Amino acid sequence: MKNRIQDIFDKSMAIESFTHTSSERNIENFLNHYIGSLLYFQEHSDYFGTYQIPNDFFHRSVNWALVKRHCADTVILFHHHDTVDIEDFGNLKEIAFDNMALKKALASSALGQDVLQDIISNEWQFGRGSCDMKAALALQLGVVAEYASKAEGKVNLLYLSVGDEESYSQGMRAAVGLLSDLKKKFHLNYILAIDSEPFESNSAQEKVLHVGTVGKMMPVVVTQGILSHMKEPLKGINAVSLLAKVVEKIDLNPALSDMAYGERSPLPSWSYLRDLKENYDVSTVLRAAGYFSVLYLEKSPSELLATIKNLSQEAVDSFYQNYCQLQNVYQENKVIPKPRVLTYQELLQECQEKVGFEETLQQIYEEAQQALQDGVSYQEISIQNIQKVLDFYDRKEALVVLAIAPPYYPSMNCRRLSDSPIRIDKVVQLYRDYLDKEAGCQLQVDEFFMGICDLSYCALEKPAAEYQDLIASMPVPENLYHLDFPEIEANHIPGINLGPWGKDLHQLTERVYEQDMLETIPNFLLYLLENAQSFKA
């Protein structure tokens, strides 16, 4: 199995599969051909295939393969096969995927001692996508080949390889429907899903298991001011000033961080902030926009949205109080009403009172589809759509509009799943005992994978209805960003992250620990399949 995994790794590393591009189809073709070359799948050709991602401009697919036994219980191994680009490689782009050539080039560069030691040790394999995540592709596919070669087994093994994880997770969101279809077609009972994202560590003697994953939402804020000449700023409201106050209130605010099982989510941080003036003039700014990331562990989407709205209202109150004081000091007698804070849903409701809104909104969403096809991001489209709705609304008042831009990742922790088909504590113990006896390693258990991953789409901790308000808060039509919460709820698959040790993800010196990729992790995954009944609920 070790040689097979190395062969798969070398071949897959040589294939460009940049995220959110048509090049991802290259690795899909490789996987489909490789799986089809295995004797088991030559004899069971209906047990593998590709699943077209709906409404995908790049015509990508999800690869799948099923090793079927005489039972219903099924363990899923899955990973993503897209990588980030190689712009950071500079003059080393031509060898970005070549482990040996890259190590030789890096050895003569002015790099840190840690990198040089890993090159000299010959225990690490380098290259773009090596640990994130062609290593997972190789080791999981190696396990599939090995398990398929066995005459018997106590559990079915379903393998998925998905794309777009580094961008919008279109692959895994589409796989939600595939999982439902395969469940019905082959009468499967999903008991556990295993992702193999790399973990961080300080020692080869320590492995890390994640029994949950952080949630992520991306709120968008569009502010509308009241125009005035720059020589008379107190006769209007500058949208930039209004947005700046909201940014100040929300940035790094602990109210949007939470704690669960002794672990705390990061503080919120803004990714984008600018005025929306297309050309310079001497007027104040009519509109401005920004968006930020909220990573969370336990709170519901409705709780987070309510907190964001409350914080925004506090920011507006503070802004307006200061604004009125300045008007008094500078004897400005023009009365400006306090800016209102609206959610995107509330803005739509107010627009529906005006004739012609349904047709206008339909046109806005049709234009959004073309924009996405032209390469405009979901975040930019969200801002554009809010502006177009405000144009139709045509109210000359100061506003703060709150929305959510894709992508969205629900938080998930196996300990919190009701009616779980497994005992997560027994899975942990199985891995801990195996590492102790077979590898001489210790296990660290992290409650949440903080890097954001596709485990979010395996199961829901809360009823699907609690997530629907979030979808309604997106200024992007559902056909452009589809997230089927009822289907995720129905699939209800506990998910863990169990991958190899990796370093410097998305960097020039990205690398994976060879022994984990070739031996420790795949050997345990086989052991887990053989002992799957031991951790059932």
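Because the structure is predicted, anything quoted here is derived from the model rather than measured.

*Asks:* An account of the overall build of the protein chain is requested, with residue identities and associated values reported.
*Replies:* The number of helices and strands found in the protein chain is 16 helices and 20 strands. In summary, the protein chain has a C-alpha radius of gyration of 26 Å against a globular reference of 24 Å for 537 residues, a match within 12%. Principal axes of the C-alpha set define a box for the protein chain whose edges measure 85 × 55 × 45 Å. Counting only contacts in the protein chain whose residues sit at least 6 apart along the sequence, the fraction spanning at least 24 positions is 79%. Here the protein chain contributes 47 positive and 75 negative side-chain charges, whose respective centroids are spaced 2 Å apart.

*Asks:* Give me the lowdown on the sheet that holds strand β12 (residues 269-275), citing residues and values where you can.
*Replies:* Spatially, β12-β13-β9-β15-β14 is the arrangement adopted by the five strands of the open sheet, whose pairing is mixed. Either end of the sheet is taken by a strand with one partner, and the two such strands are β12 and β14 (340-343). Strand-to-strand twist of the sheet, defined as the mean angle between neighbouring strand axes without regard to direction, takes the value 20°. In the sheet, β14 pairs with strand β15 (residues 399-409) via four bridges, with the strands oriented parallel. Its bridge partner lying in β15, valine 341 is registered against valine 400. Each of β9 (215-224), β13 (287-296), β14 and β15 is contacted by helix α9 (residues 301-329), which is oriented at about 150° to β15, the strand it contacts most. Running over the sheet, helix α10 (residues 344-351) touches β14 and β15 and is turned about 95° from β14.

*Asks:* Any chance you could break down the sheet that holds strand β20 (residues 511-513) for me, citing the residues and the numbers?
*Replies:* Ordered in space as β4-β20-β19, the three strands form an open sheet in which the pairing is antiparallel. In the strand order of this sheet, the two ends are held by β4 (124-126) and β19 (502-503), each with one partner. Two elements, β19 and β20, share two bridges in a ladder whose sense is antiparallel. Residue pairing across strands places lysine 503 opposite arginine 511, the latter belonging to β20. Where helix α5 (residues 113-121) meets the sheet, its contacts fall on β4, β19 and β20, and the angle it forms with β4 comes to roughly 110°. Across the sheet, helix α16 (residues 514-530) lies against β4 and β20, angled at about 40° from β20, the strand it touches most.

*Asks:* Run through the layout of surface pockets, naming residues and quoting values.
*Replies:* The computed volume of the largest pocket comes to approximately 620 Å³. Lining the largest pocket are 26 residues, with Phe449, Met450, Gly451, Ile452 and Leu505 positioned closest to its centre. For the lining of the largest pocket, the secondary structure elements donating two or more residues are β7 (206-210), β15 and β17 (442-446). Element by element, the count of residues in the lining of the largest pocket is highest for β7, at three residues.

*Asks:* Give a detailed account of the packing of aromatic side chains, specifying residues and quantitative values.
*Replies:* One pass over the full model with this rule turns up 25 aromatic pairs. With centroids separated by 6.3 Å and ring planes inclined at 50°, the aromatic side chains of tryptophan 64 and phenylalanine 186 adopt a geometry described as tilted. On the criterion of sequence distance, the pair formed by tryptophan 64 in strand β2 (residues 61-67) and phenylalanine 186 in helix α7 (residues 170-186) is long-range, its members being 122 residues apart. For tryptophan 64, a relative accessible area of 8% translates into the label buried. Owing to a relative accessible area of 9%, phenylalanine 186 belongs among the buried residues under this scheme. Geometrically, the ring pair formed by tryptophan 124 and tryptophan 501 is edge-to-face, given 4.7 Å between the ring centres and 70° between the ring planes. Within this pair, whereas tryptophan 124 is found in strand β4, its partner tryptophan 501 is found in the loop between β18 (495-497) and β19, the two being separated by 377 residues in sequence. Look at tryptophan 124 and you get buried, because its relative accessible area is 2%. Overall, the relative accessible area of 6% leaves tryptophan 501 in the buried class.

*Asks:* Let's hear about a nonpolar patch on the surface: which residues, and what values?
*Replies:* A surface patch of nonpolar side chains, about 350 Å² in accessible area, is lined by Met230, Tyr280 and Val282. Mapping valine 282 onto the fold places it in the loop between β12 and β13. For valine 282, a relative accessible area of 41% gives the class partly exposed.

*Asks:* Help me get a handle on the nonpolar core, residues and values and all.
*Replies:* Grouped together as the largest cluster of nonpolar side chains are 149 residues, with contacts concentrated most on Phe41, Leu160 and Tyr408. Residue contributions to this core peak at eleven residues, all from helix α6 (residues 130-148). With residues up to four places along the chain from it excluded, the contact list for leucine 160 reads Val62, Asn63, Trp64, Ile76, Leu77, Phe78, His79, Ala175, Leu178 and Leu179. Of all hydrophobic cores here, the second largest spans 25 residues; its members include Ala289, Leu348, Val401 and Ala405.

*Asks:* Give me the lowdown on the packing of α10 against helix α12 (residues 378-393), citing residues and values where you can.
*Replies:* Packing of α10 against α12 leaves a shortest axis separation of 10 Å and a crossing angle of 30°. It follows that α10 is roughly parallel to α12 by the angle criterion. The crossing of α10 and α12 is left-handed. Here Tyr344, Leu347, Leu348, Glu350 and Cys351 of α10 come into contact with α12, specifically with Ile386, Val389, Leu390, Phe392 and Tyr393. Looking at side-chain class alone, the contact of α10 with α12 contains nine nonpolar, no polar and one charged residues.

Cut-offs and rules
- Residues numbered from 1 in each chain as written.
- Predicted model: local features only at pLDDT ≥ 70, side-chain atom pairs only at ≥ 80, totals over all residues.
- Heavy atoms only, no water.
- Helix = DSSP H or I, 4+ residues; strand = E, 2+ residues; numbered from the N terminus.
- Rg over C-alpha atoms; globule rule 2.2 N^0.38 Å.
- Contact = heavy atoms within 4.5 Å.
- Lys, Arg positive; Asp, Glu negative; His and termini not counted.
- Charge placed at Lys NZ, Arg CZ, Asp CG, Glu CD.
- Pairing = 2+ DSSP bridges.
- Axes fitted to C-alpha atoms, helices over the stretch in contact; angles between N-to-C directions.
- 1 Å grid on protein atoms, 1.4 Å probe; cavity = no way out; pocket = protein on both sides within 12 Å on 5 of 7 lines; lining within 4 Å.
- Points joined across faces, edges and corners; volume = space filled by probe spheres on them.
- Phe/Tyr/Trp six-rings, centres within 6.5 Å; stacked < 30°, edge-to-face > 60°.
- Buried < 20%, exposed > 50% of the residue type's maximum accessible area, 1.4 Å probe, protein only.
- Patch = residues over 30% accessible without salt bridge, like charges linked within 9 Å, V, L, I, M, F, W, Y side chains within 5 Å.
- Areas by Shrake-Rupley, 256 points an atom, 1.4 Å probe, with all protein chains shown as cover.
- Salt bridge = Lys/Arg side-chain N within 4 Å of Asp/Glu carboxyl O.
- Core = buried A, V, L, I, M, F, W, Y, C linked by side-chain atoms within 4.5 Å.
- Parallel < 35°, antiparallel > 145°, perpendicular 65-115°, else oblique.
- Left-handed = near helix turned anticlockwise from the far one by under 90°.
- Nonpolar A, V, L, I, M, F, W, Y, C, P; charged D, E, K, R; others polar.

Take it as geometry only, folks, not as evidence of what the structure does.
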